[in-house]
Amino acid sequence: MSDSHAPTKPWSGRFNEPTDAFVEAFTASVGFDRRLYQYDIQGSIAHATMLARQGILSDSERDAIVHGLKQIRKRIEQGDFTWSVSLEDVHMNVESALTEAIGDAGKKLHTGRSRNDQVATDIRLWLRDEIEQIRDAILRLQTALLDKAELEADTILPGFTHLQTAQPLSFGHHMMAWFEMLERDRERLADCNRRLNVMPLGAAALAGTTYPIDRHMTAELLGFSRPAENSLDAVSDRDFAIEFSAAASILMMHLSRFSEELIIWSSAQFGFIELSDSFCTGSSIMPQKKNPDVPELIRGKSGRIFGHLIALLTLMKSQPLAYNKDNQEDKEPLFDSVDNVKGSLKVFADMVPAINCRKEAMRQATMQGFATATDLADYLVRKGIPFRDAHEVVGRAVAFGVAEGRDLSQMKLQELQRFSSEIEADVFDILTLEGSLAARDHIGGTAPNQVRRAIARARERLAS
Ligand code: ARG
């Protein structure tokens, strides 16, 4: 960024003294909002096109503007554009370069428009695109989870509640739980985009404009569903930014929970999975270490995304209508959230296929902690014992197992019969891990054939 030839500010007319140098740098946003250039230019082209169709600009003025803006876009993309801090932001930088390139027609572009409706439009256009990219990245991760679930539908791991052994689970079923969480994230983002997709242009500074503009035309040119109803609301609303940040926070909370499980599962003490070397790092002092850095970092990043949500809520909570300079602070949290969410989703989708399941270790772990105790209680219920009594019977059998250091399936029939005379030789079928899994045979249950059906339904949902 250079200011060797400090250009005159478009608003300098009523000022007698120049801006303090520090204030100028302090209040400028071009350092970060230049990222919006392509959307700023897209909005300006639509605005100029509408002005010409309404007879507010001549066709030749519009042509000069559109051509000039496209040239500027090319220069920015080629790194051949000088950004100036004294021109404050991306909007005034582009407009001033346009006037420099095409002369007086450039000065007419801002007719019937203000930076207030301009910036509100730019940020919506940008975020709308980013949300679609994030939804695609979620889809990619979901597909990786479906493939993993299919591969490991018959793999058994202990399911936990309170991080204590609860019941045996299909590893595929666990992957499908993550899939469902992400499906809600994808829906939430689509919903956010639906509400975001309303056009502020035409609100001008806050009250609308005296020119005979056609806001429906501009909205259509920019792919908005309609012009915003109220000019005051149009320039001051940042609900969409908050909604996006809330959806991004929930998504990152999900990724953080997945990360936490991967971290625990890959520890030597659990040993359920091994993460690929390419997603781990070593220690500079402990030669044995292979650290799950990627999931740890994603778990850590969730914090800043939650922080951005709070920053935006706080940014808005005391602002009187309509636009206030406070709103310039909306961009950096949004940019940071978008970048980190996209990065986290990408690395997660790359990592999931490379998760190596250590099936024997998971099986051994499922044999500890009496994971089939509920199955034994259900067995007794089928023999006519009320559930509460069955619960008590199995509780005593478990206490015996704890004292003996043996699982229910490792007890002799006579030993089990000491707790209930209803227990017969067929009990051992239901005490196997496979039997326990297969018995939960209903929609949403962990039976492997139900998991496979859930995967098929999910694939259909994604395809439609
Ligand atoms: N850089 C400003 C922002 O990001 C653009 C709008 C400025 N409008 C104004 N009236 N000062 O919000």
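Analysis parameters
- Residues numbered from 1 in each chain as written.
- Predicted model: local features only at pLDDT ≥ 70, side-chain atom pairs only at ≥ 80, totals over all residues.
- Heavy atoms only, no water.
- UniProt positions renumbered as here; feature names shortened; annotations may be inferred.
- Axes fitted to C-alpha atoms, helices over the stretch in contact; angles between N-to-C directions.
- Helix = DSSP H or I, 4+ residues; strand = E, 2+ residues; numbered from the N terminus.
- Left-handed = near helix turned anticlockwise from the far one by under 90°.
- Contact = heavy atoms within 4.5 Å.
- Nonpolar A, V, L, I, M, F, W, Y, C, P; charged D, E, K, R; others polar.
- 1 Å grid on protein atoms, 1.4 Å probe; cavity = no way out; pocket = protein on both sides within 12 Å on 5 of 7 lines; lining within 4 Å.
- Points joined across faces, edges and corners; volume = space filled by probe spheres on them.
- Patch = residues over 30% accessible without salt bridge, like charges linked within 9 Å, V, L, I, M, F, W, Y side chains within 5 Å.
- Areas by Shrake-Rupley, 256 points an atom, 1.4 Å probe, with all protein chains shown as cover.
- Salt bridge = Lys/Arg side-chain N within 4 Å of Asp/Glu carboxyl O.
- Buried < 20%, exposed > 50% of the residue type's maximum accessible area, 1.4 Å probe, protein only.

- As annotated in an unreviewed UniProt entry, the chain is Argininosuccinate lyase from Candidatus Thiodiazotropha endolucinida.
- One UniProt comment on the chain, placed under Catalytic activity (unreviewed entry), says "2-(N(omega)-L-arginino)succinate = fumarate + L-arginine".
- UniProt lists a comment for the chain under the heading Pathway (unreviewed entry), and it reads "Amino-acid biosynthesis; L-arginine biosynthesis; L-arginine from L-ornithine and carbamoyl phosphate: step 3/3."

### A few points about the packing of helix H11 (residues 239-265) against helix H13 (residues 331-351)
Moving on, step 1. H13 packs onto H11 with a crossing angle of 35° between their chain directions and a minimal axis gap of 11 Å. Our pair here, H11 against H13, has a crossing hand that is left-handed. Two secondary-structure elements touch here, H11 through Ala241, Phe244, Ser245, Ala248, Leu251, Met252, Leu255, Phe258, Ser259 and Leu262 and H13 through Leu334, Ser337, Val338, Val341, Ser344, Leu345, Phe348 and Met351.
Moving on, step 2. Considering only residue class, the contact of H11 with H13 consists of 14 nonpolar, 4 polar and no charged.

### Description of the layout of surface pockets
Moving on, step 1. Its boundaries defined by the atoms lining it, the largest pocket holds a volume of some 560 Å³.
Moving on, step 2. In this structure, the largest pocket is lined by 27 residues; those nearest its centre are His174, Ala177, Trp178, Met181 and Glu261.
Moving on, step 3. Among the elements of the structure, strand E1 (156-161), helix H8 (171-196), H11 and helix H20 (448-463) are those that each provide at least two residues to the lining of the largest pocket.
Moving on, step 4. Counting residues per element, the lining of the largest pocket draws most heavily on H8, which supplies 7 residues.

### Focus on a nonpolar patch on the surface
Moving on, step 1. Judged by side-chain polarity, Leu206, Leu232 and Leu321 come together as a nonpolar surface patch covering roughly 260 Å² of accessible area.
Moving on, step 2. Mapped onto the fold, Leu206 is located in the loop between strand E3 (198-199) and helix H9 (215-221).
Moving on, step 3. Taking relative accessible area as the criterion, Leu206 reaches 38% and is therefore assigned partly exposed.

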